[in-house]
Amino acid sequence: MNTISETRQKSLLYLENVSVSFDGFKALNSLSFVVEPGELRAIIGPNGAGKTTMMDIITGKTRPDTGTVLFEDTIDLTRQDEADIAQLGIGRKFQKPTVFESHTVWDNLELALNRSRGVFATLFYTLSPEDKARIEEILETIRMIHRKDEYAANLSHGQKQWLEIGMLLAQEPKLLLVDEPVAGMTDAETAETAVLLKEIAKTRSVVVVEHDMGFIRELGVKVTCLAEGSVLAEGSIDFVSNDPKVIENYLGR
Amino acid sequence: MMIKFFLRVFFLCVVSALALPSYAQSGAGADPRSLIDALSKADFGEAEKLIGQLAATGDARLVPALNAFSEGDLYFRKSDNLVFIGKSAGSNYELIDPVTGASAGQAAKNAVTKIKINNSLRRVIRSAMGGLTLLSPDRGVRLQAADAVLRSPSAENLELLETAISKETDGEVKARMVEARAVSLLSSDRSVDEKRAAIQTIKNYGGRNAIGILMGASASLDPSLKADVDAAIASIESGQRLWDIGQNVWYGVSLGSVLLLAAIGLAITFGVMGIINMAHGEMVMLGAYSTFVVQQVIRDSAPGLFDWSLAIALPVAFLVTGAVGFVIERGVIRFLYGRPLETLLATWGVSLILQQTIRSIFGPTNQEVGNPSWMSGSFPVGGMTITWNRMWIIAFSLSIFVALLVVMKKSSFGLNMRAVTQNRRMASSMGIKTPWVDAFTFALGSGIAGIAGVALSQIDNVSPNLGQSYIIDSFMVVVFGGVGNLWGTLVGALSLGVLNKFLEPSVGAVLGKILVLVLIILFIQKRPRGLFALKGRAVEA
Amino acid sequence: MISGFVFRALEGRIVAAVGILLAIGILVPALNLLTPPDSALHIPTYVMSLFGKYLCYALLALALDLVWGYCGILSLGHGAFFALGGYAMGMYLMRQIGSRGVYGNPILPDFMVFLNWKELPWFWYGFDWFVFAMVMVLVVPGLLAFVFGWFAFRSRVNGVYLSIITQAMTYALLLAFFRNDMGFGGNNGLTDFKDILGFSVQADGTRAVLFFMSALMLSLCLILASAIVRSKFGKVLVGVRDAESRVRFLGFRVENIKLFTFVVSAMMAGIAGALFVPQVGIINPGEFAPANSIEVVVWTAVGGRGTLIGPIIGAILVNGGKSFFTGAFPEIWLFALGGLFIAVTLFLPKGIVGTIQHGFKARKALKAAAEAEKGRGGTETVAQAQAAE
C-alpha cells in the first residue's frame, strides 16, 4: 500500500480497479494503470483486450461500473464529460483519423486551438497575431505548412493522421492519448511519426496504443500489455515480449 | 353498426318465427289487423297504446309490421284507411299485408300516406318486438328477445315475460329473462316487496347497465326502496371497478395490437435494416385498398365467398405491397444506404406519389370495406364487453408477430437477413447475395405492413390518407420499444396502447394522445435507444 | 468585435443577394402602387401577396438550412416554429378587430364568444400591444426550441431519432391546436383580420409595406446567418455536422452549440410565420401538419443545403411550381412534389446552388493543381494524385 500512495503523489493519470461490463461481457476487469508526468507509454494487447474502452473511460465517453480514475491526483474524471475532460488537458486521437473534412488544414487547427470555446466567444472571435503564429508553428511541426489552404478531405490517410495530431497539439493537452497512429501508414511515414511522437512527448505525457511492434520498438519506451481487461505485464519492450503470458496471449508462437 | 347488426338478427328471427305461425297467438283477444289499422288515425300517444295492445297479442307474425313501423315503412291507403307495409317500387309502392305478409298489390305514391314515427315510439316498438318473440321456439330468438327487453324494459311486457319464464327450459335464456323481468318490474305497479326482490336480482347480475337502470328507476320508486337501490348501486360499483380496469386494459391491448400491426413492418425496415421508410403508412394503406378490391371482386362474382374475403385479401395484400416494396428498394433506397436522412426524404416522396396514385384511381373519399359476419358482434365477459373484431385483430397481430419471430430466428432467410444487417462485408464474402437479401427484407417488411392494412381496413376508414395517421405512431412504437428488437416493438406497442387508454378517461382522447407523445419524447431523451437497448462498446465517431 | 462579426458576413454573393432582395422589395410594391391597373407593368395586389408569401417561405427555408445544412440537425418541426410565430401575429390581429367582429364583443374574439367564454384567457393578455406581440413572435418559438433542444441535445439524441421526435413534437402541437379548449380558435384558427397598426390589412398600401418587410427581414436574416456561418462558431458548427465527437474531444460543448443554432433558427422561422399571416389572412392548425415541415426540407434540398442562397432559391422555385401546378394540373402536383423529393436526393444531393458552387470550386482546384505542377514538379504531383483518390 505504501507504494501506491507514493505513486499517487506524482501521477498524471491514475486508474485503480476500474471495471466495466457490457451486457455481462467484462470489457475491463479491475484494471489499474498509472501514467507519470512527461512519460511516453505504449500499450499493446490483442483485440478485445480493453484498450479502446480504457480510452473511452479516460476521456469520459464511457462511465466505469466501479473504480477510481484520477487526473493530476485530484480530479475525478468519472464525474466529467468529454468537453470538460478535453478542457482539463486530455487530448485524444481516434483509431480512424477524424478531422473536419470540409474545412481547410488551417481552419482545422484554428478550431483546435486552446482558446475560449463558448458560443459567443467563438461567434465574435477574430484571429490574433499570437494565434496565427501558433498555428504556423504547429504546421511546421507536422510538416504541412505548404498545404495549409487545402481541404482536409483532399489529404492522404497519413496526412490526416498528422493533421489530427497537429490539432491535438493545438489543444495544448497535458496528456495525449493516441489510438493506433500508424495504422495504414507507409514505412517511411511510420518512422517519421515515431520521431514526431517522441518530440511531442518532450513537453507532455503521451499514451500510444499500437499493434505495430516495430513501431513500439522504435519508440523505445515502457510498455503495458493488456489482456481481457486487465494488465498482463508492464516493463521494457524486451521484458514484456519475453514474458510467457504475453507470448501466449498476444504475440503467439 | 350495432343497430344495423341488431336489426339484421331480428330479420332472421322474423323469418324463422314465420315458419311456425300462430304458435303464440293465444294472447289477448283484440284482432291484430284492426289494431294496426287504427294506427292510421292515431296520434303518438294513442299509437303507443296500440303498440302495447299489439304486443299483448303475443302474435309473432306482427314483428315485420312493427319493424316496418319503426323504419318508417308503414303506410295507410287514403281511400280506405287500411294500413300496409310499403316498399318503394319505381313510382309506386308495393303493399304488403302487415299481419299475413301477403302481397296486396301496388299503389301510387300519392295514394298512400306514411304513418309518422318518432324516437320515443321506436323505443316502445323495440320493447314490444322483444316481448313478441319471447315465446319463439328458437332458442336464439328467445335470447335475443330477452336482451331486447332488457335494453328497453317496459311494464307491458311483464306478464308475457312471466309466461315465458314459466315455460322456459334453457338455463341461460331463463336467466336473461329473469333479469329482464326484474328490470321491467321496476317500472310496473307491482308491490314494494316484489320490487325489492327485483333490485336484489339486478344487483346480482351487476354490470354497468344495471347501475344505469337502477339510477333511472330510483326516482319513480317508492321512497322506502331508496336505501336498497343505493346499496345495490354501491355493491355493483365496487364489483364493477375491477371490471372497468379490465375493460380499460382490454381497450388498451386492443389499441396496442393496432399499433403493433402498424409498427411491426416498420420494426423490420427501420428496426432491422435501419431504413427510415416514410412510405410505410402507404404500405398499410395499399393493403387496405387490396382488401377493398378483393371484396369488390367477390361482391361482383362470388358473393357467397364474402366471409372469406379477408382470408383471400391477406395473400393478395402481402404480394401487392411486397412487390411495391421490392420496387422501392431496388429503385430508390439501395442508392441511399448509409444516408438515413436522405432515405427519409426520398421515401417521403414515394409516399406522396403512392397516395396520389390511389387518389387518382379510387378517388379521395372513404371506401366501404365490409365486415365478414364472424367479425361482427360482441360477447360479454363478466362485467366487460368484448367485440369480435377487436378480438380477432388482437389474435391476428399476435400471430403475425409470432410468425415473424419464427421467420427471423428459424428460417435460413432470417439467418441471412441477420447476417447481412450485422456484418454486411462478412456476409457477402460468405456468398450471401446481400443486395437480394436487402430487397427481400424490405419487401417482407412492406408485405407485413400490407397485411396489417387488411386488418386495419376493418376498423378504420379506408382512404388515401389512411397511412398518414399511422406513420408517426409506428415510428414512436419502434423507437420507444428499442430499435432492432422485435420484442421491444411488442412491449412498446402494448404499453403505449394501455397507457393511452388509461389516460383517456381522465383527460380526453386528444389530450391523452398528446401526453403520450410528450412522454415518449421525454423518454427518448432519457433512453435514446428505447426500452430494450442493446448495450455495447461505445462506437467511435 | 461586433463590427468584425457583421463585416465578415458581407461577402460578395451575400451582398449581391441582399441587393437583389431589397430591389425586389422596393420595385414590386412600387409597380403595384404607382402604375395604373391597366398598365403592362402593373403588378396586381394578389400577385404581390403571393410573392410575399414566397419570401416568408424562403426565410423559413433559410432557418431550416442553418440547422440542417450547417449543423446536420434535420428538424422536421420547423413548421411548428413558423406556425407559432404566425399564431403570435394572429393573436395581435385578432385583438385589433375589437368590436367589429360578428358578435361585436370589444374584448373577446368571435370564437370565444361562440364558445361561451366569459373572459380572455391569461395567455391572450398583452397581445393587443404590437410590440409585445412582436416580442412573442421571437420568444415563443425560441422558448419551445430552447426547452426541446435543452433536453434533446443534452441527452445526445441524434440523426434520425431527433428528426422523428421533432416530427412528434409538431404532431402533438397539431393535435393540441385543433382543440377548442386551447383557446386558439380550434380548427378554424384565427382569421377575419381587419387592421395592423391601424392600417387595413386588405389595403394595397399595407400589402406593399408587408411585402417590403418580408424582403427586408429575409435580407437581415440572411446577413445574420452569413455572419454566424462565417465566424469561428460557424466552422465549429460544420465540424459538429461532419465529426461531432471530434468537436467534443476538442473541448467544445456540442449541446450548447446546437442549442444556440436551433433557437436562432426557430426564431427566424417565427418571424417568417408572423410575416406570412397578415399576407394570407389566416392561421390555422393545418400549419402544424408534419407534411408541411417536411416540405420545407425539400425546398432547402432543391436549392442546396449548406449554402445560404440555395434555400431561398429553392423555396421560391418549388412554391412557384406549386402555385402553377395546383392551378393548371392539380392532379399532377403531388406526383411532381414526390418525384422532386426522390430526384433531388438521388441525383442532386447538393441542390442547385451547391452543385454550381461545387463545379466552380472543382474547376478552380484543377487550375490550382495545374499551376502547382508547373511550379513545384515531381513529388508534389504524386501527393496531388493521392489526394484526388
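Just above sits the structure.
Residues numbered from 1 in each chain as written. Chains lettered and ligands numbered in written order. Predicted model: local features only at pLDDT ≥ 70, side-chain atom pairs only at ≥ 80, totals over all residues. Heavy atoms only, no water.

Caption draft 1: Main features of the overall build of chain B. When you go through chain B residue by residue, the secondary structure sums to 21 helices and 7 strands. With respect to the three principal axes, the spread of C-alpha positions in chain B is 95 × 60 × 40 Å. The contacts in chain B between residues at least 6 apart in sequence include a share of 69% that link residues at least 24 apart. Taken as two groups, the 48 positive and 39 negative side-chain charges of chain B have centres that lie 12 Å from each other. (Helix = DSSP H or I, 4+ residues; strand = E, 2+ residues; numbered from the N terminus. Contact = heavy atoms within 4.5 Å. Lys, Arg positive; Asp, Glu negative; His and termini not counted. Charge placed at Lys NZ, Arg CZ, Asp CG, Glu CD.)

Caption draft 2: Broad picture of the sheet that holds strand β6 (residues 90-93) of chain A. Residue and element names in this part refer to chain A. If you walk across this open sheet you meet the 6 strands as β6-β7-β8-β3-β9-β10, and the pairing is mixed. Every interior strand has two partners, whereas the edge strands, β6 and β10 (230-235), have only one. Geometrically, the sheet is characterised by an average inter-axis angle of 20 degrees between neighbouring strands, direction not taken into account. Pairing of β6 with strand β7 (residues 175-179) involves 4 bridges; the strand directions are parallel. Along β7, the bridge assignment pairs Gly91 with Leu176. Against the sheet, helix α7 (residues 157-170) makes contact with β6 and β7, and its axis sits at roughly 175 degrees relative to β6, the strand it touches most. Sheet strands touched by helix α8 (residues 187-200): β3 (40-44), β7 and β8 (205-209). Its angle to β8, the strand with the most contacts, is close to 150 degrees. (Pairing = 2+ DSSP bridges. Axes fitted to C-alpha atoms, helices over the stretch in contact; angles between N-to-C directions.)

Caption draft 3: Structural context of helix α6 (residues 129-141) of chain A. Residues and elements named next belong to chain A. For α6, which comprises 13 residues, the first-to-last C-alpha distance of 19 Å matches the rise-based estimate of 18 Å (1.5 Å per residue) to within 8%. Every buried residue of α6 is accounted for by Asp131, Arg134, Ile135, Ile138 and Leu139. One face of α6 carries all of its buried residues, which in axial projection span an arc of 140 degrees. With respect to the buried face of α6, the exposed residues turned more than 90 degrees away are Pro129, Glu130 and Glu140. In this structure, the buried residues of α6 make contact with α4 (105-112) and α7. Where α6 ends, the next residue or the one after it, Arg143, has phi of about 55 degrees, a positive value. (Expected span 1.5 Å × (residues − 1). Buried < 20%, exposed > 50% of the residue type's maximum accessible area, 1.4 Å probe, protein only. Arc of directions from axis to C-beta.)

Caption draft 4: View of the pairing of strand β1 (residues 74-77) of chain B. Residues and elements named next belong to chain B. In this sheet, strand β2 (residues 83-89) lies alongside β1 in antiparallel orientation, the contact comprising 3 bridges. The residue bridging Leu74 from the neighbouring strand is Ile85, located in β2. Hairpin connection between β1 and β2: a loop of 5 residues separates the two successive antiparallel strands, and Asn81 in this loop has a positive phi of roughly 60 degrees. Of the strand pairs in this sheet, β1 and strand β5 (residues 112-114) are connected by 3 bridges, and their pairing is antiparallel. In the strand pairing of β5, Tyr75 is matched with Lys114.

Caption draft 5: Here's a closer look at the side chain of Ser397 of chain B. All names here are of chain B. On the secondary structure map, Ser397 appears in helix α15 (residues 388-410). By relative accessible area, which is 1% here, Ser397 ends up buried. Among the polar contacts listed, one links the side chain of Ser397 to the backbone oxygen of Ile394, at a separation of 3.0 Å. Leaving out residues up to four positions away in the same chain, Ser397 has contacts with Ser257, Leu260 and Leu261. (Polar contact = N/O pair within 3.5 Å; in protein donor to acceptor, adjacent residues only side chain to side chain.)

Caption draft 6: Region of interest: the interface of chain C and chain B. Each partner contributes to the interface: chain C provides 40 residues, whereas chain B provides 39 residues. The contact between chain C and chain B buries some 3600 Å² in all, and 79% of this surface belongs to carbon and sulfur atoms. Where chain C meets chain B, there are 1 salt bridge. With a shortest N-O distance of 2.6 Å, Glu342 of chain B and Arg305 of chain C are connected by a salt bridge. Counting across the interface, chain C meets chain B through 6 residue pairs in polar contact (both at pLDDT 80 or more). Those elements that provide at least two residues to the side of chain C that touches chain B are α6 (130-154), α7 (159-178), α12 (290-303) and α14 (330-347) of chain C. (Buried area = accessible area lost by both parts, 1.4 Å probe. Salt bridge = Lys/Arg side-chain N within 4 Å of Asp/Glu carboxyl O.)

Structural measurements only, silent on function.
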